[in-house]
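Structural overview
What follows is the residue order along each chain.
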Amino acid sequence: MNSNARQYALVTGASRGLGKSIALELARRNIPTILVGTNERVRAVCDEIVTTYHVPSECYITDLTKKRNVLAMAEAINCQFEVFMLVNNAGAGGTKRFEDADVPYLENIINLNVRCTALLIHALLPHLKRQSKSYILNVGSMAALTPTGYKTVYPASKSFVYSFSLGLREELKKTSISVSVALPGAMATNPDVVERIARQGFFGKATLKSTQSVAQKCVRQTLRGKRKIVINPLSQFLSAIVPERCRTRMLSKIVRREICGW
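The structure contained in this document is the topic of the report that follows. (Residues numbered from 1 in each chain as written. Predicted model: local features only at pLDDT ≥ 70, side-chain atom pairs only at ≥ 80, totals over all residues. Heavy atoms only, no water.)

The helix and strand inventory of the chain stands at 10 helices and 7 strands. Looking at the 262 residues of the chain, the share that counts as buried comes to 48%. Restricting the contact set of the chain to residue pairs at least 6 apart, pairs at least 24 apart contribute 69%. About 12800 Å² of surface is accessible on the chain, with carbon and sulfur atoms providing 52% of the total. (Helix = DSSP H or I, 4+ residues; strand = E, 2+ residues; numbered from the N terminus. Buried < 20%, exposed > 50% of the residue type's maximum accessible area, 1.4 Å probe, protein only. Contact = heavy atoms within 4.5 Å. Areas by Shrake-Rupley, 256 points an atom, 1.4 Å probe, with all protein chains shown as cover.)

A separate point is a nonpolar patch on the surface. On the surface, a nonpolar cluster with roughly 280 Å² of combined accessible area is contributed by Leu234, Phe237 and Ile241. Of note, phenylalanine 237 is situated in helix H9 (residues 233-241). (Patch = residues over 30% accessible without salt bridge, like charges linked within 9 Å, V, L, I, M, F, W, Y side chains within 5 Å. Salt bridge = Lys/Arg side-chain N within 4 Å of Asp/Glu carboxyl O.)

On to the nonpolar core, then. Ranked by internal contacts, the top residues of the largest apolar core, which has 32 residues, are Leu10, Ile34, Leu64, Ile77, Leu120, Leu124 and Ile136. The dominant element in this core, judged by the number of residues it contributes, is helix H4 (residues 103-129), at 10 residues. Excluding residues that lie within four positions of it along the chain, leucine 64 makes contacts with Thr12, Val36, Val70, Met73, Ala90, Asn111, Leu112 and Cys116. If you look at the next biggest cluster of nonpolar residues, it comprises 30 residues, including Val45, Met85, Leu137 and Val214. (Core = buried A, V, L, I, M, F, W, Y, C linked by side-chain atoms within 4.5 Å.)

Spanning 12 residues, helix H1 (residues 17-28) covers 17 Å between terminal C-alpha atoms, matching the ideal 16 Å at 1.5 Å per step. Here H1 lies mainly inside the structure; 9 of its 12 residues are buried. Within H1, burial applies to Leu18, Gly19, Ser21, Ile22, Ala23, Leu24, Glu25, Leu26 and Ala27. Summarising the contacts, the buried residues of H1 are in contact with strand E1 (7-12), strand E2 (33-37), helix H2 (41-53), strand E4 (82-88), strand E5 (134-139) and helix H8 (211-223). Just downstream of H1 lies asparagine 30, where phi reads positive at about 65°. (Expected span 1.5 Å × (residues − 1).)

So, in structure tokens, the structure goes:
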């Protein structure tokens, strides 16, 4: 196969969860993919796409928390493929008292959510600009809108993704590149997550979405050039009417109860 004859979508964090669902949604639309993950699970997703949808799919197995890996992968992709869509989905989070967090824990969140997102776009931007139409989708979070105790660094990192995406969209508005940012809330990525969200009561259950439904909306609205993709209107409504201080206090109390039991 001559890879340069096709236009590909690059999806990071594609081995499971929302990234996998986005990759499968792209395949359903007959869009070839380059999938990035940290282990062999991403190869299995590629095989599933080729077998089920008969669409080309390539994979890279690498650790995107390492700057050299991000730049090396971008260089290889620029040389081998025509990429018209970049989906920055890879991310890291966690729930922990800030004083109990060690340096690797903090670096993992910052390097993946912030540095990788910025560096990968920077490295692929000249490539994306030469396409007649191209798209960048940065997966943020509703957490970007509410600082939260016992998570601290994660919402801050997603706040960067949110602000960076909207600023970059404005900067690139006269080019062929459309930049979108998605703001998912809680997703049913595995049974443990579903159980944890259920313990949050009505609000948690009301805002929980499947990764498949989130992926469908993300891909559809990205291709339509949507600026901001809000997955759950209820979450957006509550964020708009409840003052930030109250949201911070309420969510911090919920998270504290999860990890401390009080």
